[in-house]
Amino acid sequence: MGFRLPAILRTSFNTNQENSKCVEVRKGYLAVYVGEKHKRFVIPISHLNQPSFQNLLSQAEQEFGYDHPMGGLTIPCTEDVFQNIICRLSGL
């Protein structure tokens with residue numbers, strides 16, 4: 001599976017309809033959007049190599065291809081499922 005992710009130093013997102021904020025993402029981390037409301041999570045890049053996260057990336061590729069509606073990586077699963085996976089990967 002060949003995902004090549006650009007270096008993301010800044011990610012823009014709308015907190016509501018009226019304003020937009022720019023939030024820095026520390027080196028070694030990646031911002032992703034999850035769930036119906038596209039909640040933003042910042043995760044360690046090291047998670048990208050894990051089989052459970054690779055499965056999420058495959059689902060994202062199948063659903064969105066490489067055109068992600070939020071401009072960042074959008075993961076097509078519920079927030080609960082995503083948080084469960086991230087907690088297991090983080091050893092929590």
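Each value, and the rule that gives it
- Residues numbered from 1 in each chain as written.
- Predicted model: local features only at pLDDT ≥ 70, side-chain atom pairs only at ≥ 80, totals over all residues.
- Heavy atoms only, no water.
- UniProt positions renumbered as here; feature names shortened; annotations may be inferred.
- Helix = DSSP H or I, 4+ residues; strand = E, 2+ residues; numbered from the N terminus.
- Contact = heavy atoms within 4.5 Å.
- Core = buried A, V, L, I, M, F, W, Y, C linked by side-chain atoms within 4.5 Å.
- Buried < 20%, exposed > 50% of the residue type's maximum accessible area, 1.4 Å probe, protein only.
- Pairing = 2+ DSSP bridges.

In the annotation of an unreviewed UniProt entry, the chain is listed under the name Small auxin-up RNA and assigned to Lupinus luteus. A UniProt comment under Sequence similarities (unreviewed entry) is attached to the chain, and it reads "Belongs to the ARG7 family."

Description of the side chain of His-47
Structurally, His-47 is set in the loop between β4 (39-44) and α1 (51-64). In contact with His-47, other than residues within four places in its own chain, are Phe-53, Ile-86, Leu-89 and Ser-90.

Notes on the nonpolar core
Ranked by size, the top nonpolar core spans 15 residues in total, and within it Val-32, Val-34, Ile-43, Phe-53, Leu-56, Ile-75 and Phe-82 carry the most contacts. Among the secondary structure elements, those contributing two or more residues to this core are β3 (29-34), β4, α1, β5 (73-75) and α2 (79-90). Setting aside its immediate chain neighbours within four residues, Phe-53 contacts Ile-43, His-47, Leu-48, Ile-75, Phe-82, Ile-86 and Leu-89.

Focus on the pairing of β4
Where β3 lies against β4, six bridges are found, and the strand directions are antiparallel. The residue bridging Tyr-33 from the neighbouring strand is Arg-40, located in β4. The loop that links β3 with its antiparallel partner β4 comprises four residues; one of these, Gly-35, has a positive phi angle of about 85°.

What about the pairing of β3?
Among the six residues that make up β3, five are buried, leaving the element largely enclosed by the rest of the structure. Both β3 and β5 contribute to a ladder of three bridges, which runs parallel. If you follow Tyr-33 over to β5, its bridge partner there is Thr-74.

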